[in-house]
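Below, each chain spelled out in residue letters.
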Amino acid sequence: MSEVFELGEITVNVTLKSVKNVHLTVHPPEGRVTLVAPMSTRPEVARAYAISKLGWIRLQQQALRDQARETERRYIERESHQLWGRNHLMTVIEEDTKPFVKLDHRRITLTVRPGSDAAKRAEVMHEWHKRLLHAAVPDMIERWEARLGVRVAGYFLQRMKTKWGSCNHAAGNIRLNTELVKKPKDLVEYVVVHEMLHLLEPTHNERFVALLTRHWPQWQESRRELNALPLSSETWSA
Ligand SMILES: [Zn+2]
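Residues numbered from 1 in each chain as written. Predicted model: local features only at pLDDT ≥ 70, side-chain atom pairs only at ≥ 80, totals over all residues. Heavy atoms only, no water.

### Structural notes on the coordination of the zinc ion
Perfect tetrahedral coordination of a metal by four donors corresponds to 109.5 degrees between them, and perfect octahedral coordination by six donors corresponds to 90 or 180 degrees.
Phase 1: Every protein donor of the zinc ion is accounted for by H194 (NE2), H198 (NE2) and H204 (NE2), and the metal-donor separations fall at 2.0 to 2.1 Å.
Phase 2: When its relative accessible area of 6% is taken as the criterion, H198 is described as buried. (Donors = N, O, S within 2.8 Å, 3.2 Å for Na, K, Ca; no water. Buried < 20%, exposed > 50% of the residue type's maximum accessible area, 1.4 Å probe, protein only.)

### Some points on the pairing of strand β10 (residues 165–168)
Phase 1: Judged from the four bridges that link them, β10 and strand β11 (residues 173–177) form a sheet pairing that is antiparallel. Each residue of the ladder has a partner; that of G165, found in β11, is L176.
Phase 2: In sequence, β10 turns back onto β11 through a hairpin of four residues, with G172 there showing a positive phi of about 75 degrees. (Pairing = 2+ DSSP bridges. Helix = DSSP H or I, 4+ residues; strand = E, 2+ residues; numbered from the N terminus.)

### Side note on the sheet that holds strand β3 (residues 23–27)
Phase 1: Spatially, the four strands line up as an open sheet ordered β1-β2-β4-β3, and their pairing is mixed. Of all strands in the sheet, those with a lone pairing partner are β1 (2–7) and β3, marking the two edges. With strand direction ignored, the average angle separating the axes of adjacent strands in the sheet is 25 degrees.
Phase 2: As paired strands, β1 and strand β2 (residues 10–17) are joined by six bridges and run antiparallel to one another. Each bridged residue has a counterpart across the sheet, and for V4 the counterpart in β2 is N13. (Axes fitted to C-alpha atoms, helices over the stretch in contact; angles between N-to-C directions.)

### A look at the sheet that holds strand β8 (residues 107–112)
Phase 1: Pairing within the open sheet is mixed, and its four strands lie in the order β5-β6-β8-β7. Both outer strands of the open sheet, β5 (80–83) and β7 (100–104), are each paired with one neighbouring strand and no more. If you compare each strand with its neighbour and ignore which way they point, the axes differ by 35 degrees on average.
Phase 2: Bridge analysis of β5 against strand β6 (residues 86–94) gives four bridges, and the strand direction is antiparallel. Within β6, the residue paired with Q82 across the bridge is N87.
Phase 3: Across the sheet, helix α3 (residues 118–148) is in contact with β5, β6, β7 and β8; its angle to β8 comes to roughly 125 degrees. (Contact = heavy atoms within 4.5 Å.)

### Digging into the nonpolar core
Phase 1: Grouped together as the largest cluster of nonpolar side chains are 42 residues, with contacts concentrated most on W84, L110, M125 and M196.
Phase 2: Mapped onto this core, the elements with two or more residues apiece are β6, β8, α3, β11, α4 (185–197), α5 (206–215) and α6 (219–227).
Phase 3: The next biggest cluster of nonpolar side chains, apart from the first, holds 16 residues, and it includes F5, V14, A37 and A50. (Core = buried A, V, L, I, M, F, W, Y, C linked by side-chain atoms within 4.5 Å.)

### Considerations on the packing of aromatic side chains
Phase 1: Inspection of every chain in the model, using the stated rule, returns two aromatic pairs.
Phase 2: On the numbers, 6.0 Å between centres and 50 degrees between planes, the contact of W144 with W216 is tilted. Linking W144 in helix α3 with W216 in the loop between α5 and α6, this pair joins segments that are 72 residues apart in sequence. W216 shares its class with W144; the two are buried. (Phe/Tyr/Trp six-rings, centres within 6.5 Å; stacked < 30°, edge-to-face > 60°.)

So this is what it looks like as structure tokens:
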């Protein structure tokens, strides 16, 4: 049994289970709040418990926001950037030429015009990320079209705030978050497979879970890994 209640700006998802103790959790990355309580817990008791912990919930959510901010990129020299699940050291060259990005070993060299701000640099990197994904995704789709017996009419790459991917069942399209370029390729493939399976089953019902379990048995682990916080900024050791 589960229900949802609102405490001001905070939404708490309550699940009653056969557990002994109450478990209140604030989940990364967005700070979603869940409360798991014993079967016999009355709604007003669960609510009162959550209210008594509001201060703690706010602190956890603030910590998550701070951590997310810490990883905001500025596209400067010696900054660490994720690519296919690995950290790369950034080098920036200012040159009066068409901006471009070069990758060698574990270094990303970003060439931009003198005076380019962080927004412009981010845009150059975003275009590069799209090219990298366009080089990797079609093979994955082709491989899984054969395995799943589905046809993907088209795929799109775009920035998405809250999702890794989506599927337009009627049009036969899938949409992938460009942030996926920062994740290991097997996790990108998991998102591709997940969205392609929605061509067979649009909702997250039992049939969908069965299909997913058959074709990607480690889906829970993949999902957990995908939703883990981004690695915090770290000191680069070459
Ligand atoms: Zn889905």
